[in-house]
Amino acid sequence: MADPILIDGAPFCAVSHHDGRFIRAPGLAALARRDADGGYTVLHLQHCEAINREMGPGHARWGRALGQGLNTLLAPPTVASRPRAADPPSPAAPPIRWHADAVFQDRTLATAA
């Protein structure tokens, strides 16, 4: 099994950026670029009520993300795959970088304010 992808300690799994349409669940999701070293560059991160409706070509930042090399959608493993026991953390987890223009959109914080 591949090493877990960790963003601030939270596990994610990677799917093709076009496969987000199959993830019919809420959760935190990221538009990302898989880099040559096996790491990921986060281009946009947000909480979604339904990943399949929010993280696709109709997204306001989709075109910008494509221009920055978008090729991956990161989603929680229990959402993007069958639920399973968590793997222990690995020191070989791929590096995570944040693009200079990355946006974190947290609707839960915006509605609480």
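Placed above this text is the structure.
Cut-offs and rules
Residues numbered from 1 in each chain as written. Predicted model: local features only at pLDDT ≥ 70, side-chain atom pairs only at ≥ 80, totals over all residues. Heavy atoms only, no water. Helix = DSSP H or I, 4+ residues; strand = E, 2+ residues; numbered from the N terminus. Buried < 20%, exposed > 50% of the residue type's maximum accessible area, 1.4 Å probe, protein only. Contact = heavy atoms within 4.5 Å. Pairing = 2+ DSSP bridges. Axes fitted to C-alpha atoms, helices over the stretch in contact; angles between N-to-C directions. Salt bridge = Lys/Arg side-chain N within 4 Å of Asp/Glu carboxyl O. Core = buried A, V, L, I, M, F, W, Y, C linked by side-chain atoms within 4.5 Å.

J.: I'm lost on the overall build of the protein chain in this one. Help?
T.: The helix and strand tally for the protein chain stands at four helices and six strands. Listing the helices and strands of the protein chain from first to last along the sequence gives β-β-β-β-α-α-β-α-β-α. A buried classification covers 41% of the 113 residues belonging to the protein chain. Long-range contacts, defined here as pairs at least 24 residues apart, represent 74% of the contacts in the protein chain between residues at least 6 apart.

J.: Just to check I follow, could you spell out unusual backbone geometry for this structure?
T.: Trans is the prevailing form of peptide bonds, just as negative phi is the prevailing case for residues other than glycine. Unlike most non-glycine residues, Asp 8 shows phi in positive territory, near 50°. Positionally, Asp 8 belongs in the loop between strand S1 (5–7) and strand S2 (10–16). Under the relative-accessibility criterion, Asp 8 is labelled exposed at 77%.

J.: Would you explain the sheet that holds S2 in this entry?
T.: Within a beta sheet, neighbouring strands are joined by backbone hydrogen bonds and run either parallel or antiparallel to one another. Strand order in this open sheet of six strands is S1-S2-S5-S3-S4-S6, and the pairing throughout is mixed. Among the strands making up the open sheet, the edge pair consists of S1 and strand S6 (96–105). Taken over all neighbouring pairs, the strand axes of this sheet differ in orientation by 35° on average, direction set aside. Relative to strand S5 (residues 72–75), S2 runs antiparallel, the two sharing four bridges. Among the inter-strand pairings, Val 15 is bridged to a residue of S5, identified as Leu 73.

J.: Explain the pairing of strand S3 (residues 27–34) to me, please; I cannot follow it from the model alone.
T.: Within a regular beta strand, the side chains point alternately toward one face of the sheet and then the other, so they alternate between its two faces. Taken across its eight residues, S3 has six buried, putting it largely inside the fold. Bridging between S3 and strand S4 (residues 40–48) involves eight bridges; their strand directions are antiparallel. If you follow Gly 27 over to S4, its bridge partner there is Cys 48. A loop of five residues connects S3 with S4, the two strands running antiparallel in sequence, and Gly 38 in this loop sits at a positive phi of about 90°.

J.: Can you walk me through the pattern of salt bridges in this structure?
T.: Think of it this way: side chains of opposite charge can pair up when their charged atoms draw near. Overall, the coordinates contain three salt bridges when judged by the stated rule. We note a salt bridge from Arg 97 to Asp 37, for which the minimum N-O separation is 2.2 Å. Placement of Arg 97 in strand S6 and of Asp 37 in the loop between S3 and S4 is noted, with a sequence separation of 60 residues between them. A network of salt bridges, in which partner residues are shared, links Arg 33, Asp 35, Asp 37 and Arg 97.

J.: Just to check I follow, could you spell out the nonpolar core for this structure?
T.: Soluble globular proteins tend to bury their nonpolar side chains together. Formed by 13 residues in total, the largest nonpolar core has its most connected members in Ile 23, Ala 29, Leu 31, Ile 51, Met 55, Leu 70 and Leu 73. Those elements giving two or more residues to this core turn out to be S3, S4, helix H2 (62–67) and S5. Those residues in contact with Leu 70 that lie beyond four places of it in its chain are His 17, Leu 31, Ala 32, Leu 43, Trp 62 and Ala 65. By size, the runner-up hydrophobic cluster in this structure holds ten residues, among which are Ile 5, Ile 7, Phe 12 and Tyr 40.

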